[in-house]
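# Descriptive structure summary
Single-letter residue listing:
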Amino acid sequence: MTEYKIHIVFGTVHGNAERSAYAVEEELTEQGYEVEVYEDALDLPLGELSKNDALLVVISTTGEGELPDTIVPLYTKLNETMPSLEDLSYGIIALGDSSYPHFCRAGVLFDDLMQQLQAQVVLPMHKIDAAEHFDAEPEACSWSKLWVEQLVSL
Ligand SMILES: Cc1cc2nc3c(=O)[nH]c(=O)nc-3n(C[C@H](O)[C@H](O)[C@H](O)COP(=O)(O)O)c2cc1C
């Protein structure tokens, strides 16, 4: 079985995605995985990622369906340099609110970019609707357990 290192980046405006990212880190660390959250998404060691790495992106949507500022530098770098990420497994936890017209659009944009970079999706993007879940963290944690189970079974 592959021993994965799980890298987590987040895009947040008001802190929900950041709190969820750290809650997921705690959950997966307790389960025995090596996990690192990058406070600055640009610290993700892109050039060093291999088959033993997996990336979780925890991302909210802001404005009129826009990416939060904290994740824009990483998104832009990936979009401009278009590295091949074919060895990298990933997952996306998208926070949004279905009462807005562009529900979870930032998550969708990031997912599209990861697909273009040929990264391997472990499970389809998980959308967490603030209209249903007042607190995103428990929902993010329970999905991350499913995601990691699927990851290690690949
Ligand atoms: C000003 C504003 C604009 C928002 N725009 C969207 C949107 O276009 N689509 C969406 O799905 N959610 C939208 N949301 C909902 C947020 O994505 C949701 O509340 C999320 O939990 C915020 O996470 P954060 O605290 O990490 O920023 C918006 C929220 C605010 C306050």
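Structure's up top.
All figures in this text were calculated on a predicted structure; none of them were measured in a lab. (Residues numbered from 1 in each chain as written. Predicted model: local features only at pLDDT ≥ 70, side-chain atom pairs only at ≥ 80, totals over all residues.)

## Remarks on helix H1 (residues 16-30)
Put simply, the rule is: We count a stretch as a helix when DSSP gives it H or I for four or more residues in a row; a strand needs E for two or more, and each element gets its number in order from the N terminus. Multiplying 1.5 Å by the helix residue count minus one yields the expected span of that helix. Think of it as a crowd count around each C-beta: if 20 or more other C-beta atoms lie within 10 Å the residue is buried, if 12 or fewer it is exposed, and in between it is partly exposed, with C-beta placed from the backbone throughout.
Helix length check: H1 (15 residues) gives 21 Å between terminal C-alpha atoms against 21 Å at 1.5 Å per residue, within 8%. For H1, every residue scored as buried is listed here: Asn16, Ala17, Ser20, Ala21, Val24, Glu25 and Leu28. Two residues or fewer after H1 comes Gly32, characterised by a positive phi angle close to 100°.

## Quick word on the nonpolar core
Just so we agree on the cut-off: The term nonpolar core means buried Ala, Val, Leu, Ile, Met, Phe, Trp, Tyr and Cys residues held together as one set by C-beta atoms within 7 Å. Residues are scored as being in contact if the C-beta atoms we place from backbone atoms lie within 7 Å.
Ile8, Val57, Val58, Ile59 and Tyr90 are the most contacted members of the largest nonpolar core, which has 43 residues in total. When residues of this core are traced back to their parent elements, those giving at least two are strand S1 (5-11), H1, strand S3 (53-60), helix H2 (72-81), strand S4 (89-96), helix H3 (105-116) and helix H4 (136-153). Once residues within four sequence positions are removed from consideration, Val57 is found in contact with Val9, Tyr90, Ile92 and Phe110.

## Section: the site of the ligand
The condition that has to hold: The criterion for a residue being near a molecule or strand is a backbone-placed C-beta atom within 6 Å of that molecule or strand. All residues other than Ala, Val, Leu, Ile, Met, Phe, Trp, Tyr, Cys, Pro, Asp, Glu, Lys and Arg, Gly among them, are scored as polar; the first ten of these are nonpolar and the last four charged.
Within the structure, the ligand sits among 23 residues, and Thr12, His14, Asn16, Ser60 and Gly96 are positioned closest to it. Of all the secondary-structure elements, those providing two or more residues to the shell around the ligand are H1 and S4. Classifying every residue of the shell around the ligand by side-chain character gives nine nonpolar, eleven polar and three charged.

## Some words on the pairing of S4
The following threshold applies: With the strands pointing away from the viewer, any crossover whose connection runs clockwise from the first strand over the helix to the second is right-handed. The pairing criterion for strands is at least two bridges between them, as found by DSSP.
For S4, a buried count of eight out of eight residues is recorded, marking the element as mostly surrounded by other parts of the structure. Burial along S4 is two-sided: the residues Ser89, Gly91, Ile93 and Leu95 and Tyr90, Ile92, Ala94 and Gly96 are all buried. You can see the chain leave S3, run along H2 and come back into S4, and the turn it takes is right-handed. Across two bridges, S4 lies against strand S5 (residues 120-121) in parallel orientation. The partner of Ser89 across the bridge, within S5, is Gln120. Handedness of the crossover joining S4 and S5 through H3: right-handed. Of the pairings in the sheet, the one linking S4 to strand S6 (residues 126-129) comprises four bridges and is parallel in character. Following the sheet pairing, Gly96 is matched in S6 by Asp129.

## Overview of the pairing of S1
In terms of residue burial, S1 counts as a mostly covered element, since six of its seven residues are buried. Two elements, S1 and strand S2 (residues 34-38), share five bridges in a ladder whose sense is parallel. Of the residues in S2, the one forming a bridge with His7 is Glu36. Where S1 meets S3, seven bridges bridge the pair, whose relative direction is parallel. Counterpart to Ile8 in the pairing with S3 is Leu56.

Function-wise, these values are silent; they only describe arrangement.
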